[in-house]
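# Breakdown of the fold
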Amino acid sequence: MGSTTDFLGRKEEVAEIYNRPLINLIFDAASVHRKFHNPREVQQATLLSIKTGGCIETCSYCSQSSSWSKDTKMKAEKLLELDDVFQSALDAKAAGSSRFCMGAAWRGPSQVGPKQFERVLDMVSKVRSLGMEVCTTLGMLTEEQAKQLKHAGLSCYNHNLDTSREYYSEITSSRTYDDRLDTLQKVREAGISVCSGGIIGMGEKELDRVGLLHMLATLPEHPESVPINALVPVEGTPLAKKDIKGPTGLEMARCVATARIIMPKSMVRLSAGRMDLSFAEQALCFMAGANSIFAGDKLLTTPNAERFAQSSRHMFLANC
């Protein structure tokens, strides 16, 4: 198989790419990246939790599940007010973000009353009026809810597959892999761009990482955005209790590079866990094809690498 964009969709191809010698893999990914993107451009996005805690899902990595809230000491909060969210978006734009993402700890909008979802629709419309890209992650959607989000001006919807189909039942018992795929289909059919990726370091095998990337690359259309997250163990969550060793920076770079080769036009977002990467490891991930980061000191409920924000910018500036 060639080193650039002749991916035919077989899982064995993804495994072959993923398992290339790291130096070769990074070079191949960097070549693809430079063919489809400006290597000196990295999009800055901001993520805001608009509804924290009290989620009825059982995602074992997430501190917002009500199933272990006593252990995580995570209290359920009310949905933020429209004006507060709009001010956060104004601040994000002033700080250089061109994309504003809003996350609610819901199983889906159907879990809450229509007034709360209507407030989210108003948030989408008002933030969109700033000229920013707007992304939400609200859980599972119905066909009608997806259409309403589209009408409100939503640019993109985040719904991560998290891991491979084979390993998914080890991560949650409250929904199925097909539930995730169904929401992605509804989002796509509504004309909204798809943001979907996964989390590395949840105890999965490398074959599961290959399976996740293969699934993303063989969706009807490549996701517009592919977040690559490293597990951030939050005290009190089931995965934190297992004391699982997180991914190394080189493992993150390998996943980023593989994603870049098999989904060449997608934005590959270096997301949660960046705080644990050194400057050199981040540079390697950018070289491998990552072209978006989240700014700010928090991603929903976990710390973010704001301390690296300025140094990350220097990677793309001339030394003068």
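Just so it is clear, the model here is predicted, and its values are computed rather than measured.

## Here we look at the overall build of the protein chain
The secondary structure content of the protein chain amounts to twelve helices and eleven strands. Looking at the protein chain as a whole, 55% of its 320 residues are labelled buried. Total accessible area on the protein chain stands at roughly 14,200 Å², and carbon and sulfur atoms take up 52% of it.

## Topic: the pairing of strand 3 (residues 133-137)
Across five bridges, strand 2 (residues 99-104) lies against strand 3 in parallel orientation. Looking at the pairing, phenylalanine 100 lines up with valine 134 of strand 3. Note on the crossover from strand 2 through helix 5 (residues 114-128) to strand 3: the handedness is right-handed. In terms of strand pairing, strand 3 meets strand 4 (residues 156-158) through two bridges, oriented parallel. Bridging from a neighbouring strand, cysteine 135 pairs with cysteine 156 of strand 4. As for the winding sense of the linkage, the β-α-β connection from strand 3 through helix 6 (residues 143-152) to strand 4 is right-handed.

## Remarks on the pairing of strand 1 (residues 43-51)
Side-chain direction in a regular strand flips from residue to residue, so the side chains alternate between the two faces of the sheet. With respect to burial, strand 1 is a largely interior element, nine of its nine residues being buried. Examined bridge by bridge, strand 1 and strand 2 share six bridges and lie parallel to one another. Looking at strand 2, one finds that leucine 48 is bridged to methionine 102.

## Considering helix 4 (residues 82-94)
Helix length check: helix 4 (13 residues) gives 18 Å between terminal C-alpha atoms against 18 Å at 1.5 Å per residue, within 8%. By the burial criterion, the buried members of helix 4 are Val85, Phe86, Ala89 and Ala92. Buried positions in helix 4, seen along its axis, are confined to an arc of 120° and lie on one side of it. Summarising the geometry of helix 4, the exposed residues directed more than 90 degrees from the buried face are Asp83 and Ala94. Looking at the packing, one finds that the buried side of helix 4 touches strand 1, strand 2 and helix 5. The positive-phi residue at the C-terminal boundary of helix 4 is glycine 96, with phi of around 110°.

About the criteria used
Residues numbered from 1 in each chain as written. Predicted model: local features only at pLDDT ≥ 70, side-chain atom pairs only at ≥ 80, totals over all residues. Heavy atoms only, no water. Helix = DSSP H or I, 4+ residues; strand = E, 2+ residues; numbered from the N terminus. Buried < 20%, exposed > 50% of the residue type's maximum accessible area, 1.4 Å probe, protein only. Areas by Shrake-Rupley, 256 points an atom, 1.4 Å probe, with all protein chains shown as cover. Pairing = 2+ DSSP bridges. Right-handed = clockwise from strand over helix to strand, strands pointing away. Expected span 1.5 Å × (residues − 1). Arc of directions from axis to C-beta. Contact = heavy atoms within 4.5 Å.

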